[in-house]
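Listed below are the residues making up each chain.
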2 protein chains.
Amino acid sequence: MNIVSLSGGVGGARFVRGLRAHLDVTDPGARITVVGNTGDDITLWGLRVCPDLDTLLYTLGGVGNDEDGWGRAGESYRVQAELAAYGVPPDWFGLGDLDVSTHIARSLWLGQGLSLSQVTARLAARWGLTAAGVTLLPMTDVPVETHVVLEEDGQERAVHFQEWWVRMRAEVRARRFVVAGLDRATAAPGVLESIRSADVILLPPSNPVVSIGVILGVPGVRDALRETAAPIVGVSPLIGGRPVRGRADACLTAIGIPSTATAVAGLYEDFLDAWLVDPSDADTTARGTVRVWDRPLLMRTVDEAATLAGAALDLARAHRP
Amino acid sequence: MNIVSLSGGVGGARFVRGLRAHLDVTDPGARITVVGNTGDDITLWGLRVCPDLDTLLYTLGGVGNDEDGWGRAGESYRVQAELAAYGVPPDWFGLGDLDVSTHIARSLWLGQGLSLSQVTARLAARWGLTAAGVTLLPMTDVPVETHVVLEEDGQERAVHFQEWWVRMRAEVRARRFVVAGLDRATAAPGVLESIRSADVILLPPSNPVVSIGVILGVPGVRDALRETAAPIVGVSPLIGGRPVRGRADACLTAIGIPSTATAVAGLYEDFLDAWLVDPSDADTTARGTVRVWDRPLLMRTVDEAATLAGAALDLARAHRP
């Protein structure tokens, strides 16, 4: 069985880790292809940082910081402290010593002419994803960057997504998002093919605007989802109308969408087959033939995530003729 | 008083540290300009590493590893261990976590369009050199790299100087040295001017071939030394015909020069005014008007280095009319 999952960072990584754990019991030979969002990517200290891909690598590799959800476990910050002493910003984005090694390796390999896909495959090999039957693909090899348009004193101003998300904690109201380069991007090798040939496609509870929404904006991805024969099951990123973590509600507000599981399903209605919501959102409705199930969505442990992933696969099976 | 010193890495840095300590007592207002060798520079992990400049920065900044002579005190190697796990070489060149921050800052600033001189000034400001009246200048802002031509099985092969020096420990016989880019390099801003307007010029016991010799190869430097009115005093890098540390003898052999204080003085004879040798080399002779003194050259402590620097200044004063 080939399962494809689009994914942002923490929520997506935890869901896919649960999916892998579930499959290890029920269908060890099943393969998972993860298409990761690269809109959050940013160049810091001259090094290319891919926050969502890194969170996927570390979480699936078993070396992530489970408390924060991002970064490495057992991290230290000697390099960042030195750079701060040299006057090199930023001080608002944590770059640990273990983590920065990933960015040095990535930047070195990109500079040697490897594509982001090739770089990601090398990193994934080290963290055991390849051996575990998980293929991690960046959504595109073309550098794209999500910018957030803010309004201050009647003037519009754009900042990098990470600056809004991490430094401003998404507390300054976003007017809209602009993903620089997205319209000219092409899907990375394997992305469209894996969607077309998948047996099941899962949307984890990632941010529907700046994670899943950005992946859907890569030319060809949305069409591939509409055309694939695979059932497509989405997991709502909201529990009781609120994001579990992250600030998906702030992103939804910016694009004029209510923070409800019903409204988020509407963003996917042209390709979605089934929608998994929390019991607290049991009043969710979806248009047309989209089937809605409710199951507990909270993933506090790998077991809970595995149970949720199992429910998503059950829903996919239920959809099949 | 303006003192100019050409310098390689460990030996030069220890000498200049002693010089500063001596002047702090005898002439606190005296200023020192150090022209550092950049022929050893190398790009590792995509980052620009300047071993001699860094050794000068750390030693003069009081944060160097005194035991090794290079690198930072209290160093750790988490980044390098991670990169090794990613399969990123080299494993033969130690790049500590504190040290790598310098290379990240330097590479970032170079990428932003700053010259190596400007970058070095920023680094020097952090380490207190500027405040201590020490100006550190790279010999040139143009990237140059010393390569070592080896002969293996009758075939010539060139390797980067660091590979020969650090990985091979200079144990493979060098046929000759080629400094790529040196003939097209120009002296960095301030280098020729400081030599021309100096009150005293000192050559510390740095490697006469791959450190001082490379600086002398920067177009204009040798002419400036010949023409300056300042007395030029050299300190022999040999004690009893052997280098104190480093492998100056292997470098001298490669260019067909005997490992004697007499022969090394000969390399500088067109501009040298006085030559300081160890009592064990008291039989040293020098051509023409070059005055030879013998004083203990070993610098085991800052005090010993200060005494040596004081002797060099005494010799410069003795030369003056």
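Worth saying up front: this structure is predicted, and the values here are computed from it rather than measured.

Chemist: Before we go on, may I ask you to explain the overall build of chain A in this structure?
Modeler: Looking only at helices and strands, chain A has twelve helices and 14 strands in total. Relative to a compact globule of 321 residues, whose C-alpha radius of gyration would be 20 Å, chain A shows 19 Å and is just as compact. Each principal axis of the C-alpha distribution contributes one length, and for chain A these read about 60 × 50 × 35 Å. Taken across its 321 residues, chain A has 52% of its residues classed as buried. Sequence separation of 24 or more characterises 70% of the internal contacts of chain A that already satisfy a separation of 6 or more.

Chemist: What am I meant to see in the packing of helix α1 (residues 10–26) of chain A against helix α12 (residues 302–319) of chain A here?
Modeler: Describing two packed helices takes the angle between their axes plus the distance from one axis to the other. All names here are of chain A. Two elements in contact, α1 and α12, have axes separated by 7 Å at closest approach and are oriented at 80 degrees. Compared by their axis directions, α1 and α12 come out roughly perpendicular. Contacts between α1 and α12 involve Arg-14, Phe-15, Arg-17, Gly-18, Leu-19, Ala-21 and His-22 from the first element and Val-302, Ala-305, Ala-306, Leu-308, Ala-309 and Gly-310 from the second. In terms of residue class, the contact of α1 with α12 is made up of eight nonpolar, three polar and two charged.

Chemist: How should I be thinking about the relation of the copies chain A and chain B in this particular structure?
Modeler: For the pair of chain copies, the relating operation is a rotation around an axis with a shift along it. Take chain A, turn it by 180 degrees, move it 0.0 Å along the axis, and it overlays chain B with an RMSD of 0.0 Å. Those values place the two copies in the arrangement expected of a two-fold rotation axis. Within chain A, A:Asp97 has its C-alpha nearest the rotation axis, a separation of 3.7 Å. A high fraction, 100%, of the interface residues of chain A reappear at the interface in chain B, so the copies pair face to face through one surface.

Chemist: Before we go on, may I ask you to explain the packing of α1(A) against helix α2 (residues 51–60) of chain A in this structure?
Modeler: Residues and elements named next belong to chain A. Taken N-terminus to C-terminus, the directions of α1 and α2 make an angle of 35 degrees; their axes are 9 Å apart at the nearest point. Relative to α2, the crossing made by α1 is right-handed. Of the residues in α2, those touching α1 at Val-10, Ala-13, Arg-14, Val-16, Arg-17 and Arg-20 are Thr-55, Leu-56, Thr-59 and Leu-60. Residue classes in the contact of α1 with α2 are distributed as five nonpolar, two polar and three charged.

Chemist: Can you walk me through α12(A) in this structure?
Modeler: Each turn of an α-helix holds 3.6 residues, which means side chains three or four residues apart point in the same direction. Residue and element names in this part refer to chain A. Under the 1.5 Å per step criterion, the end-to-end length of α12 is 26 Å for 18 residues, consistent within 8% with the ideal 26 Å. Residues of α12 that are buried: Ala-305, Ala-306, Leu-308, Ala-309, Ala-312, Leu-313, Leu-315 and Ala-316. As for α12, its buried residues are in contact with α1, β9 (200–203), β10 (232–235), β13 (274–277) and β14 (291–294).

Chemist: Would you take a moment to explain the sheet that holds strand β8 (residues 174–180) of chain B for this structure?
Modeler: Two modes of strand pairing occur in sheets, parallel and antiparallel, and in both the strands are linked by backbone hydrogen bonds. Residues and elements named next belong to chain B. The sheet built from three strands is open, its strands ordered β7-β6-β8 with antiparallel pairing. Of all the strands in the sheet, just β7 (155–160) and β8 have a single pairing partner and so form its edges. When the angles between neighbouring strand axes are averaged without regard to direction, this sheet yields 30 degrees. Of the pairings in the sheet, the one linking strand β6 (residues 145–152) to β8 comprises six bridges and is antiparallel in character. In the sheet register, Leu-150 faces β8, and the bridge partner there is Ala-174.

Chemist: Sorry if this is basic, but what is going on with the nonpolar core here?
Modeler: Side chains that are nonpolar tend, in soluble globular proteins, to be buried together. The biggest cluster of nonpolar side chains holds 201 residues, and the ones touching the most others in it are A:Ala312 and B:Ala312. Excluding residues within four positions of it along the chain, A:Ala312 makes contact with A:Leu202, A:Val233, A:Val235 and A:Leu276.

Chemist: Teacher, can you tell me more about the domain arrangement of chain A here?
Modeler: The figure often quoted for interface size is the accessible area lost as the parts come together. Residue and element names in this part refer to chain A. As assigned here, chain A comprises domain 1 (2–142 + 184–319) and domain 2 (145–182). Of note, the centres of domain 1 and domain 2, computed from C-alpha atoms alone, are 21 Å apart. Between domain 1 and domain 2, the contact holds 18 residues from the first and 15 residues from the second. A breakdown of the residues in the side of domain 1 that touches domain 2 according to their chemical character gives twelve nonpolar, two polar and four charged.

Chemist: Any chance you could explain the sheet that holds strand β8 (residues 174–180) of chain A here in plain terms?
Modeler: All names here are of chain A. The antiparallel open sheet is built from three strands, whose spatial order is β7-β6-β8. Two strands in the sheet have a free side with no partner beyond their single neighbour: β7 (155–160) and β8. Taken pair by pair, the neighbouring strands of this sheet meet at an average axis angle of 30 degrees, ignoring direction.

Chemist: Looking at this structure, how should I read the pairing of strand β6 (residues 145–152) of chain A?
Modeler: For a regular strand, side-chain orientation follows a simple rule: the groups alternate between the two sheet faces. Bridging between β6(A) and β7(A) involves six bridges; their strand directions are antiparallel. Bridge pairing links A:Val149 to A:Ala158 in β7(A).

Chemist: Just to check I follow, could you spell out the interface of chain A and chain B for this structure?
Modeler: At the junction of the two partners, chain A supplies 20 residues and chain B supplies 20 residues. Among the secondary structure elements, those contributing two or more residues to the side of chain A that touches chain B are α3 (78–85) and α4 (97–111) of chain A. The residue makeup of the side of chain A that touches chain B, split by class, is eleven nonpolar, five polar and four charged.

Chemist: What's the story with the confidence of the model for chain A in this structure? I'm lost.
Modeler: Note: predicted coordinates in regions of low pLDDT should not be interpreted at a detailed level. Looking at chain A as a whole, its pLDDT mean stands at 95, while 99% of the residues score no less than 70. Across the assembled chains, the prediction reports ipTM 0.92 with pTM 0.94.

Chemist: How do you make sense of the environment of A:Ala312 when you look at a structure like this?
Modeler: Residues and elements named next belong to chain A. Here Ala-312 lies in helix α12. Note on Ala-312: 27 C-beta atoms within 10 Å, which makes it buried. In this structure the C-alpha to C-alpha distance between Ala-312 and Ile-201, which are 111 residues apart in sequence, comes to 9.7 Å.

Chemist: Just checking my understanding: could you explain unusual backbone geometry for this structure?
Modeler: Excluding glycine, residues mostly have negative phi values, and the peptide bonds linking residues are mostly trans. Residue and element names in this part refer to chain A. For the bond from Pro-89 to Pro-90, the omega torsion is 0 degrees, close enough to zero to count as cis. Along the chain, the position of Pro-90 falls in the loop between α3 and α4. Non-glycine residue Trp-45 carries a positive phi angle of around 55 degrees. Along the polypeptide, Trp-45 turns up in the loop between β3 (42–44) and β4 (47–49). Judged by local crowding, Trp-45 falls into the buried class, with 23 C-beta atoms found within 10 Å. Positive phi is not limited to glycine here, since Asp-153 has a value of about 55 degrees. Among the secondary structure elements, Asp-153 is positioned in the loop between β6 and β7. By the C-beta count within 10 Å, which is 5 here, Asp-153 ends up exposed.

Rules used in this analysis
- Residues numbered from 1 in each chain as written.
- Chains lettered and ligands numbered in written order.
- Predicted model: local features only at pLDDT ≥ 70, side-chain atom pairs only at ≥ 80, totals over all residues.
- Helix = DSSP H or I, 4+ residues; strand = E, 2+ residues; numbered from the N terminus.
- Rg over C-alpha atoms; globule rule 2.2 N^0.38 Å.
- Buried ≥ 20, exposed ≤ 12 C-beta atoms within 10 Å, placed from the backbone.
- Contact = placed C-beta atoms within 7 Å.
- Axes fitted to C-alpha atoms, helices over the stretch in contact; angles between N-to-C directions.
- Parallel < 35°, antiparallel > 145°, perpendicular 65-115°, else oblique.
- Nonpolar A, V, L, I, M, F, W, Y, C, P; charged D, E, K, R; others polar.
- Least-squares fit on C-alpha atoms with pLDDT ≥ 70 in both.
- Left-handed = near helix turned anticlockwise from the far one by under 90°.
- Expected span 1.5 Å × (residues − 1).
- Pairing = 2+ DSSP bridges.
- Core = buried A, V, L, I, M, F, W, Y, C linked by C-beta atoms within 7 Å.
- Domains from an automatic or database assignment.
- pLDDT = per-residue confidence, 0-100.

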